[in-house]
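Close look at the chain arrangement
Each chain is listed here by its residues.
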Amino acid sequence: MTVGQFLDRWLEVKASALRPKTLEYYRRMVEYHLKPVLGGLRLWDLRPDHLQGLYSPMLGRGLAPKTVRLCHAVIRAALNDALRWGLVARNPALAATPPRPARRELKVWSAEEARRFLEAAAGARFEAAYYLAIYCGLRIGEIAGLRWEDVDLAAGGLQVRRTLRRVAGQGLVVGEPKSEAGRRQVVLPGPVVEALRRRRLAQKQERLLAGAAWTDSGYVFTTRTGGALDPQRLCDDFAERVTAAGLPRIRFHDLRHTCASLLLSAGVHPKVVQELLGHSQISITLDTYSHVLPTLQEQAARAMGALL
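Residues numbered from 1 in each chain as written. Predicted model: local features only at pLDDT ≥ 70, side-chain atom pairs only at ≥ 80, totals over all residues. Heavy atoms only, no water.

Before going further, it helps to examine the pattern of salt bridges. Scanning the entire structure with this criterion turns up 24 salt bridges. Between Arg139 and Glu142 there is a salt bridge, with its nearest N and O atoms 2.7 Å apart. What makes Arg139 buried here is its relative accessible area of 9%. Owing to a relative accessible area of 2%, Glu142 belongs among the buried residues under this scheme. Note that Arg162 is salt-bridged to Glu149, the shortest N-O span being 3.5 Å. Note that Arg162 is positioned in the loop between strand S2 (157-160) and strand S3 (163-167) and Glu149 in the loop between helix H7 (140-144) and strand S1 (151-152), a separation of 13 residues in sequence. (Salt bridge = Lys/Arg side-chain N within 4 Å of Asp/Glu carboxyl O. Buried < 20%, exposed > 50% of the residue type's maximum accessible area, 1.4 Å probe, protein only. Helix = DSSP H or I, 4+ residues; strand = E, 2+ residues; numbered from the N terminus.)

With that settled, the discussion passes to the sheet that holds S1. Ordered by their spatial adjacency, three strands build an open sheet running S1-S2-S5, and the pairing between neighbours is antiparallel. Edge positions in the open sheet fall to S1 and strand S5 (184-187), since each of these has one partner strand only. (Pairing = 2+ DSSP bridges.)

Interaxial distance between helix H1 (residues 3-14) and helix H2 (residues 20-38) falls to 10 Å at its minimum, and their mutual angle equals 175°. One way to sum up the angle between H1 and H2 is to call them roughly antiparallel. Seen from H1, the contacting residues are Val3, Gly4, Leu7, Asp8, Trp10 and Leu11; seen from H2, they are Leu23, Tyr26, Arg27, Val30, Glu31, Leu34, Lys35 and Leu38. The residue makeup of the contact of H1 with H2, split by class, is nine nonpolar, one polar and four charged. (Axes fitted to C-alpha atoms, helices over the stretch in contact; angles between N-to-C directions. Parallel < 35°, antiparallel > 145°, perpendicular 65-115°, else oblique. Contact = heavy atoms within 4.5 Å. Nonpolar A, V, L, I, M, F, W, Y, C, P; charged D, E, K, R; others polar.)

A separate point is the packing of aromatic side chains. Counting across every chain of the model gives ten aromatic pairs. Between Trp109 and Phe117, the ring centres sit 5.3 Å apart and the planes meet at 40°, which makes this aromatic pair tilted. Looking at Trp109, the relative accessible area reads 3%, which means it is buried. Chaining the aromatic ring pairs together yields one cluster made of Trp109, Phe117, Tyr130, Phe238 and Phe252. Arg147 extends its terminal NZ or CZ atom over the ring of Tyr219, reaching a point 4.2 Å from the ring centre. The side chain of Arg200 reaches across the aromatic face of Trp148, ending 5.9 Å from its centre. (Phe/Tyr/Trp six-rings, centres within 6.5 Å; stacked < 30°, edge-to-face > 60°. Lys NZ or Arg CZ within 6 Å of the ring centre and 35° of its normal.)

With that settled, the discussion passes to the packing of helix H10 (residues 254-265) against helix H11 (residues 270-277). Two elements in contact, H10 and H11, have axes separated by 10 Å at closest approach and are oriented at 160°. Considered as vectors, H10 and H11 are oriented roughly antiparallel to each other. Crossing of H10 against H11: the hand is right-handed. Where H10 approaches H11, its residues Arg256, Cys259, Ala260, Leu263 and Leu264 are matched on the opposing element by Pro270, Val273, Leu276 and Leu277. Taken together, the residues that form the contact of H10 with H11 break down as eight nonpolar, no polar and one charged. (Left-handed = near helix turned anticlockwise from the far one by under 90°.)

So this is what it looks like as structure tokens:
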């Protein structure tokens, strides 16, 4: 069996176990990076130096170290399964060294910039989506997949139960949250509750205007005829409003980073921020937002000085 044949078989086996977006990503790594270079080798003959020889040319083609590391993670996972299935005697990827990750500086807004954006977006069709991202740190797929049945405005909370994403060749796909911790209960601040109330009223008006063309999908954020909303539509609308407001350009996903950075800077315990964001481990929260830690250490030093 060649490496290419094995990887094709491996993807078939993993198809039912992986989230659609993850499976699409694995396939792209296999087809564009792994098979063109390693596909013709016999699986049994694959050595660490073959993999090491794959990574440098990828960097030479201008690919980011993160992409190369993720490619390494895919082949390592595949070869772990090959080892369990008795197709290889060892996993050569364990002896190969991917490039060091390049530290990416997060782009986040200050509290004043976030406030200015929400003021500029007041009355916008997706205003409540921006409140959910900035106040609660929801991912864009979680916002697009939110249904009214998940929201309890009287109690001031919601449950994250699903995501909605566009997958190449499949269209919009409903999936599970990123991890088990991603299935979570979120307490809603007052301004978010009010924004969602405005969204519900606006949706009722849209339903009347659409008439017989309305599709009762149950989603909080929909097309103008009630259908599921492509998350890219939120990204496009966000980018237009950022430009119009004259604010520093960031991605929609950076609103989630902004939420976490503001909370940590305000002294909220990292464990609380971890649970709010749905991170599976607190180390992810601390590693991602390490730029806030010096501020937290300064607060701790002042607190200790005041105590003693």
